Amino acid sequence: MTETRTENLPLTDGRELRVTAAEPEGAARGGLVLLHEARGVTDTVRLLAGSLAAEGWLVVAPHLYPDADELAAQDVAGQLSQLPVESVLADIDVACVWLADRGITPDRTGVIGFDLGGAAALIVATKRAIGAAVSVSGSGIVAPLSDGIPSLVEVAHELSCPWLGIYGEQDEDVTGEEVAKLRDAAASAPVATDVVLLAQANHRFDTDPKASAEAWQRTLNWFDSHLR
């Protein structure tokens with residue numbers, strides 16, 4: 001696994017955006033914006049950033065919460081209620097500029113997210129010109145995560161780049177019926193989409209090594225196919 005580092009990027013309004021980044025050893029095959037889970041930039045997120053970099057991707061993970069890198073479980077709901085989609089998109093734009101400054105063009109830029117980040121990845125794929133997106137256990141399928149973030153079925157038909165959604169059958173927060181609704185909504189978009197429901201996998205894909213390995217391989221294959 002490649003090591004990660006955290007740096008502060010200056011914004012035009014005088015604030016700074018913290019990002020966690022990981023670089024491949026050789027030439028990058030493309031760039032990935034990694035969107036964190038509802039708890040924030042956890043050790044799991046850093047591990048994923050390093051693992052994606054080890055596969056040859058230049059990775060940048062914006063810290064979407066302005067006042068904390070990682071939240072306690074009891075603080076998540078409060079932070080989500082104060083997180084408008086405009087703020088998320090603005091932070092992702094900064095991350096994309098960071099990639100562009102390093103030679104990564106939009107067609108070679110992907111977005112991948114988990115949980116909260118999975119929802120954000122789909123929304124970004126409806127609003128920005130990127131090459132591909134992957135959502136793992138994306139929350140807020142039918143009921144929005146907050147007043148400032150739309151439900152996924154509400155916007156999935158607006159997808160403008162290839163999008164892959166991965167969910168687990170054992171995820172207690174998402175039903176098979178919700179996943180089916182999302183699959184149908186995404187299928188009406190004018191781009192390639194796929195929504196898979198993996199057996200024996202939970203919300204974090206940590207109960208079954210086979211399901212975790214399949215989710216990982218599907219993610220890599222999706223970006224390999226669409227980021228060129």
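Every chain's residues receive numbers from 1 upward, in the order its sequence appears when written. Note on the predicted model: pLDDT of at least 70 is required for a residue's local features to be given, and 80 or more for side-chain atom pairs to be given and counted; whole-chain, interface and lining totals, by contrast, use all residues. The side-chain figures draw on all heavy atoms in the structure; neither hydrogens nor water molecules are used.

A. Representation of the overall build of the protein within the structure. Secondary structure assignment for the protein yields seven helices and eight strands. Its C-alpha atoms give the protein a radius of gyration of 16 Å, within 12% of the compact-globule value 17 Å for 228 residues. In terms of principal-axis extent, the alpha carbons of the protein reach across some 45 × 35 × 35 Å. Exposed residues in this analysis have more than 50% of their type's maximum accessible area, buried residues have under 20%, and partly exposed residues fall in between, with area computed by a 1.4 Å probe over protein chains only. Classification of the 228 residues of the protein by burial places 52% in the buried group. Within the structure as shown, the protein displays about 10100 Å² of accessible surface, and the carbon and sulfur contribution to it stands at 48%. Under the counting rule used here, the positive set is Lys and Arg, the negative set is Asp and Glu, and His together with the chain ends is not counted. Each charge is placed at NZ for Lys, CZ for Arg, CG for Asp and CD for Glu. Looking at charge distribution, the protein has the averaged site of its 16 positive side-chain charges lying 5 Å from that of its 34 negative ones. The way it works is that DSSP assigns letters per residue, a run of H or I at least four long becomes a helix, a run of E at least two long becomes a strand, and they are numbered from the N terminus. Radius of gyration here is computed from C-alpha atoms only, and the compact-globule reference equals 2.2 Å multiplied by the residue count raised to the power 0.38. We get accessible surface area from the Shrake-Rupley algorithm with a probe of 1.4 Å; when it comes to residues, only the shown protein chains can shield them.

B. The arrangement of the sheet that holds strand β2 (residues 16-22) in detail. In space, the eight strands of this open sheet follow the order β1-β2-β4-β3-β5-β6-β7-β8, with mixed pairing throughout. Sheet topology places β1 (5-10) and β8 (193-198) at the edges, where each strand pairs with a single neighbour. Within this sheet the neighbouring strands show an average axis-to-axis angle of 20°, counted without direction. When DSSP finds two or more bridges between a pair of strands, those strands are recorded as paired. The pairing of strand β3 (residues 30-35) with strand β5 (residues 109-114) spans five bridges and is parallel. Interaxial angles span 0 to 180 degrees and are taken between N-to-C directions of axes, which are lines fitted to C-alpha atoms, for helices over the stretch in contact.

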